[in-house]
Amino acid sequence: HDDALPPMFANAEATLEKTRLMFRNAGIAQFVVVLNASILLLALGWSAAPVWAWLWWGAMLLGAGARYTLARTFLKVQPMASEASRWQRWGCIGAILAGLLWAAGISPMMLIEPGATRYFVALVAAGMFAGAVPLLAPVPTAFRGYGLPMALSVIVTALLDSHGVRDWMLALQLIGAREVDY
């Protein structure tokens, strides 16, 4: 059919639409990041939380602000299809850095107390991963880059600092869930 776009342009349009999908709900997504990071800090005793936890929380706020700003800029600029790959790359870098920031907090928080705190942190991480599915799934690199560091931090911590069968079950459940997701 004569009015079809050449493959190069069709691919750029698809990349632009996937990038738009990745950025469109940034406001609520970054609000949830800040909320859950704050809840984890509260679970550590807020005022009694270790200094590293406050630094992690501050990094999470900065990261959420940067990702929100990137998304708002993309939506405001409304880039052309020819610019989509660059914007998508920036979105992926932001998602990967966010996943690494989550991982940097998850393991030490899980090590603080092997009981309820450990499982609460794992639950929050699982919720953040699940919440990322509709937001980042259009761009698999962003989705994997965000979720994999979080999942690995829970799995490795549960296995290497196991305090019984519950930790092994936590790690095995996440390994099985990650096989399905990836």
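Here the structure is shown first, and the text comes after it.
Residues numbered from 1 in each chain as written. Predicted model: local features only at pLDDT ≥ 70, side-chain atom pairs only at ≥ 80, totals over all residues. Heavy atoms only, no water.

### Looking at the overall build of the protein
Turning to step 1, where the next piece is worked out: Each helix and strand counted, the protein has 7 helices and 0 strands in total.
Turning to step 2, where the next piece is worked out: In the protein, the succession of α and β elements from N to C terminus is α-α-α-α-α-α-α.
Turning to step 3, where the next piece is worked out: With respect to the principal axes defined by its C-alpha atoms, the protein has extents near 65 × 35 × 20 Å.
Turning to step 4, where the next piece is worked out: Relative to all contacts within the protein whose residues are 6 or more apart in sequence, the contacts with residues 24 or more apart total 72%.
Turning to step 5, where the next piece is worked out: A total of about 9800 Å² of accessible surface is found on the protein, and carbon and sulfur atoms cover 68% of it.
Turning to step 6, where the next piece is worked out: Within the protein, the 10 negative side-chain charges are centred at a point lying 7 Å from the centre of the 12 positive side-chain charges. (Helix = DSSP H or I, 4+ residues; strand = E, 2+ residues; numbered from the N terminus. Contact = heavy atoms within 4.5 Å. Areas by Shrake-Rupley, 256 points an atom, 1.4 Å probe, with all protein chains shown as cover. Lys, Arg positive; Asp, Glu negative; His and termini not counted. Charge placed at Lys NZ, Arg CZ, Asp CG, Glu CD.)

### A few points about unusual backbone geometry
Turning to step 1, where the next piece is worked out: Despite not being glycine, Gln78 has its phi angle at roughly 50°, a positive value.
Turning to step 2, where the next piece is worked out: Taking the relative accessible area as the measure of exposure, Gln78 reaches 62% and is therefore exposed. (Buried < 20%, exposed > 50% of the residue type's maximum accessible area, 1.4 Å probe, protein only.)

### Considering the packing of helix H3 (residues 51-77) against helix H4 (residues 84-112)
Turning to step 1, where the next piece is worked out: Between H3 and H4, the shortest axis-to-axis distance is 10 Å and the interhelical angle comes to 160°. With respect to their mutual orientation, H3 and H4 come out roughly antiparallel. You can see that H3 and H4 cross each other, and the crossing is left-handed.
Turning to step 2, where the next piece is worked out: Among the residues making up the contact of H3 with H4, the classes are represented as 16 nonpolar, 4 polar and 1 charged. (Axes fitted to C-alpha atoms, helices over the stretch in contact; angles between N-to-C directions. Parallel < 35°, antiparallel > 145°, perpendicular 65-115°, else oblique. Left-handed = near helix turned anticlockwise from the far one by under 90°. Nonpolar A, V, L, I, M, F, W, Y, C, P; charged D, E, K, R; others polar.)

### Some points on the packing of aromatic side chains
Two descriptors summarise a pair of aromatic rings, namely the distance from one centre to the other and the angle between the planes of the rings.
Turning to step 1, where the next piece is worked out: Scanning the entire structure with this criterion turns up 6 aromatic pairs.
Turning to step 2, where the next piece is worked out: An angle of 85° between the planes, with centres 5.5 Å apart, marks the rings of Trp54 and Trp57 as edge-to-face. Residue Trp54 and its partner Trp57 are located together in helix H3, separated by 3 residues, close to a single helical turn.
Turning to step 3, where the next piece is worked out: Where Phe74 meets Trp87, the ring centres are 5.5 Å apart and the plane angle is 65°; that geometry is what we call edge-to-face. With Phe74 in helix H3 and Trp87 in helix H4, this pair connects stretches of sequence that are 13 residues apart.
Turning to step 4, where the next piece is worked out: When its relative accessible area of 2% is taken as the criterion, Phe74 is described as buried.
Turning to step 5, where the next piece is worked out: In this structure Trp87 comes out as buried when scored by relative accessible area, which is 7%.
Turning to step 6, where the next piece is worked out: An aromatic cluster is present here, built from Phe23, Phe74, Trp87 and Trp90 joined pairwise through their rings. (Phe/Tyr/Trp six-rings, centres within 6.5 Å; stacked < 30°, edge-to-face > 60°.)

### Regarding the side chain of Thr15
Turning to step 1, where the next piece is worked out: Along the chain, the position of Thr15 falls in helix H1 (residues 7-23).
Turning to step 2, where the next piece is worked out: A residue is classified by how much of its surface remains accessible, and Thr15, at 13% relative accessible area, is buried.
Turning to step 3, where the next piece is worked out: Residues in contact with Thr15, not counting those within four places in the same chain, are Ala84, Ser85 and Gln88.

### Some details on the nonpolar core
Turning to step 1, where the next piece is worked out: Of all hydrophobic cores here, the largest spans 50 residues; its most connected members are Trp56, Trp102, Ile106, Leu136, Tyr146 and Val154.
Turning to step 2, where the next piece is worked out: Residue assignment for this core shows that the elements contributing at least two residues are H1, helix H2 (26-43), H3, H4, helix H5 (116-136), helix H6 (140-160) and helix H7 (165-181).
Turning to step 3, where the next piece is worked out: Each residue touching Trp102, except ones within four places of it in the same chain, is listed here: Val33, Asn36, Ala37, Leu40, Trp56, Met60, Met128, Tyr146 and Met150. (Core = buried A, V, L, I, M, F, W, Y, C linked by side-chain atoms within 4.5 Å.)

### Side note on a nonpolar patch on the surface
Turning to step 1, where the next piece is worked out: A surface patch of nonpolar side chains, about 440 Å² in accessible area, is lined by Trp90, Ile93, Ile96, Leu97 and Leu100.
Turning to step 2, where the next piece is worked out: Positionally, Ile96 belongs in helix H4. (Patch = residues over 30% accessible without salt bridge, like charges linked within 9 Å, V, L, I, M, F, W, Y side chains within 5 Å. Salt bridge = Lys/Arg side-chain N within 4 Å of Asp/Glu carboxyl O.)

### Considerations on the packing of H5 against H6
Turning to step 1, where the next piece is worked out: Across the interface, H5 lies against H6 with an axial gap of 10 Å and an inter-helix angle of 165°. With respect to H6, the axis of H5 lies roughly antiparallel. The handedness of the crossing between H5 and H6 comes out as left-handed. On H6, the residues that touch Arg118, Ala122, Ala125, Met128, Phe129, Ala132, Val133 and Leu136 of H5 are Pro140, Ala142, Phe143, Tyr146, Gly147, Met150, Val154, Thr157 and Ala158.
Turning to step 2, where the next piece is worked out: Per-class residue counts for the contact of H5 with H6 are 14 nonpolar, 2 polar and 1 charged.

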